[in-house]
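# A look at the structure
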Amino acid sequence: MALYCWRKAMDIWTHSTLSLLISSRATVLLPQFIKTSLFRKQAFVMKRKNYTFPQLKENDLEEDFVRGSGPGGQSVNKTSNCVVLKHLPTGIVVKCHETRSLQENRKKARERLQEKIDYHLHGNDSYLGQQQSEAVQDKSEKKRKSKDRLARKKAFKEREGLD
């Protein structure tokens, strides 16, 4: 049985799934993976909003619209809604063809170009660099926890004489 709970975290209302353990006395458990995944996603959203990216000047950009390709059939292949943005001073090129809407693709291409230029200028201190370093830390933390769990299992088996 699942319950839904609305809570306010970092000024954003979110819902999380609570599993209800029914026994002699009912207790509500919040799984750790749901709680952490919600906070991580919100943290990235908040960072993106609060982070100041370098401003793009329109005369520094070269924008082309090319025909899309890939799955979707005739409607994708005959419309020119794929956006190719090139930043002339740095030579960074971004291609975006995520949606069928030209305006949404233009917006997403500009966001990606801002992120790439920021990474080009600031390296590991940029938004993408911070995300990558946080992902590496999360991975190393998971690896450490896995090793600890394996060591506890091994110690338990030795202590109990199992094998």
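Before going into details, it helps to say that this report is about the structure given with it. (Residues numbered from 1 in each chain as written. Predicted model: local features only at pLDDT ≥ 70, side-chain atom pairs only at ≥ 80, totals over all residues. Heavy atoms only, no water.)

### So, the sheet that holds strand β6 (residues 92-96)
- Pairing is antiparallel across the open sheet formed by 3 strands, whose spatial order is β4-β5-β6. This sheet does not close on itself; its edge strands, each paired only once, are β4 (61-66) and β6. Between one strand and the next, the sheet's axes are offset by a mean angle of 15 degrees, whatever the strand orientation.
- As defined by bridge partners, β4 adjoins strand β5 (residues 82-87) across 6 bridges and the pair is classed as antiparallel. When the bridges of β5 are listed, D64 appears paired with V84.
- Packing against the sheet, helix α3 (residues 102-122) makes contact with β4, β5 and β6, and its axis sits at approximately 150 degrees to β6. (Pairing = 2+ DSSP bridges. Helix = DSSP H or I, 4+ residues; strand = E, 2+ residues; numbered from the N terminus. Axes fitted to C-alpha atoms, helices over the stretch in contact; angles between N-to-C directions. Contact = heavy atoms within 4.5 Å.)

### Topic: the packing of aromatic side chains
- Under the defined criterion, the tally for this structure stands at 1 aromatic pair.
- For the ring pair F53 and Y127, a centre distance of 5.7 Å and an interplane angle of 70 degrees mean the geometry is edge-to-face. Of this pair, F53 sits in the loop between α1 (32-50) and β4 while Y127 sits in helix α4 (residues 127-160), and the two are 74 residues apart along the sequence. Accessibility assignment for this pair places F53 and Y127 in one class, buried. (Phe/Tyr/Trp six-rings, centres within 6.5 Å; stacked < 30°, edge-to-face > 60°. Buried < 20%, exposed > 50% of the residue type's maximum accessible area, 1.4 Å probe, protein only.)

### Structural notes on α3
- The end-to-end C-alpha distance of α3, which contains 21 residues, comes to 30 Å, matching closely the 30 Å that a straight helix rising 1.5 Å per residue would cover.
- Turning to α3, its buried residues number three or more, namely N105, A109, R110, L113, Q114, E115, I117 and D118.
- The N-cap of α3, judged by a side-chain oxygen 3.5 Å from the amide nitrogen of Q103 a few residues on, is S101. (Expected span 1.5 Å × (residues − 1). Polar contact = N/O pair within 3.5 Å; in protein donor to acceptor, adjacent residues only side chain to side chain.)

### Digging into the pattern of salt bridges
- With the rule as written, the count across this model stands at 7 salt bridges.
- Put simply, R106 and E63 hold a salt bridge, and the shortest N to O gap is 2.8 Å. Note that R106 is positioned in helix α3 and E63 in strand β4, a separation of 43 residues in sequence.
- For R106, a relative accessible area of 24% translates into the label partly exposed.
- For E63, a relative accessible area of 24% corresponds to the partly exposed category.
- The residue D148 makes a salt bridge to R144 at a minimum N-O spacing of 3.0 Å. With D148 and R144 both in helix α4 and 4 residues apart, the pair spans about one turn of that helix.
- When salt bridges that share partners are traced, they join E58, E63, R106 and R110 into one network. (Salt bridge = Lys/Arg side-chain N within 4 Å of Asp/Glu carboxyl O.)

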